[in-house]
Amino acid sequence: GEVVEPDDLMERVYKKAKQIQGKGLIAVSTAKRVMNKGVDLSLDAALELEKQAFCSLFGTGDQDEGMAAFLAKRKAEFKGR
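Quick look at the structure, then. Keep in mind that what you see is a predicted model, and the values were worked out from it rather than measured.

## A few points about the packing of aromatic side chains
Piece 1. Following the criterion strictly, the structure yields 1 aromatic pair and no others.
Piece 2. Aromatic side chains Phe-54 and Phe-58 sit 5.1 Å apart centroid to centroid with 70 degrees between the ring planes, which places their arrangement in the edge-to-face category.
Piece 3. Assessed through its relative accessible area of 43%, Phe-58 is described here as partly exposed.

Written as structure tokens, this is what we have:
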């Protein structure tokens, strides 16, 4: 997280939302699901949930695209698969 002045808050929120928007739909929705479920879990249970979710993302086409884009130093074109 970060601390911003109240007058700068909405600008920072929109900037962060724009960054998230450019990420893969599957990864973002998985992260949201894990955060929502994990908030009421013990630390150990939340970490296990995070680990399982992270591992599940490695079977997706978006993960393949993300890795290929990273290695080619280009912007990823996620398809939500």
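## Looking at a nonpolar patch on the surface
Piece 1. A contiguous nonpolar patch, built from Leu-9, Met-10, Val-13 and Tyr-14 and spanning about 400 Å² of accessible area, is present on the exposed surface.
Piece 2. Following the sequence through the fold, Leu-9 ends up in helix α1 (residues 9-21).
Piece 3. For Leu-9, a relative accessible area of 43% translates into the label partly exposed.

Cut-off values and rules
Residues numbered from 1 in each chain as written. Predicted model: local features only at pLDDT ≥ 70, side-chain atom pairs only at ≥ 80, totals over all residues. Heavy atoms only, no water. Phe/Tyr/Trp six-rings, centres within 6.5 Å; stacked < 30°, edge-to-face > 60°. Buried < 20%, exposed > 50% of the residue type's maximum accessible area, 1.4 Å probe, protein only. Patch = residues over 30% accessible without salt bridge, like charges linked within 9 Å, V, L, I, M, F, W, Y side chains within 5 Å. Areas by Shrake-Rupley, 256 points an atom, 1.4 Å probe, with all protein chains shown as cover. Salt bridge = Lys/Arg side-chain N within 4 Å of Asp/Glu carboxyl O. Helix = DSSP H or I, 4+ residues; strand = E, 2+ residues; numbered from the N terminus.

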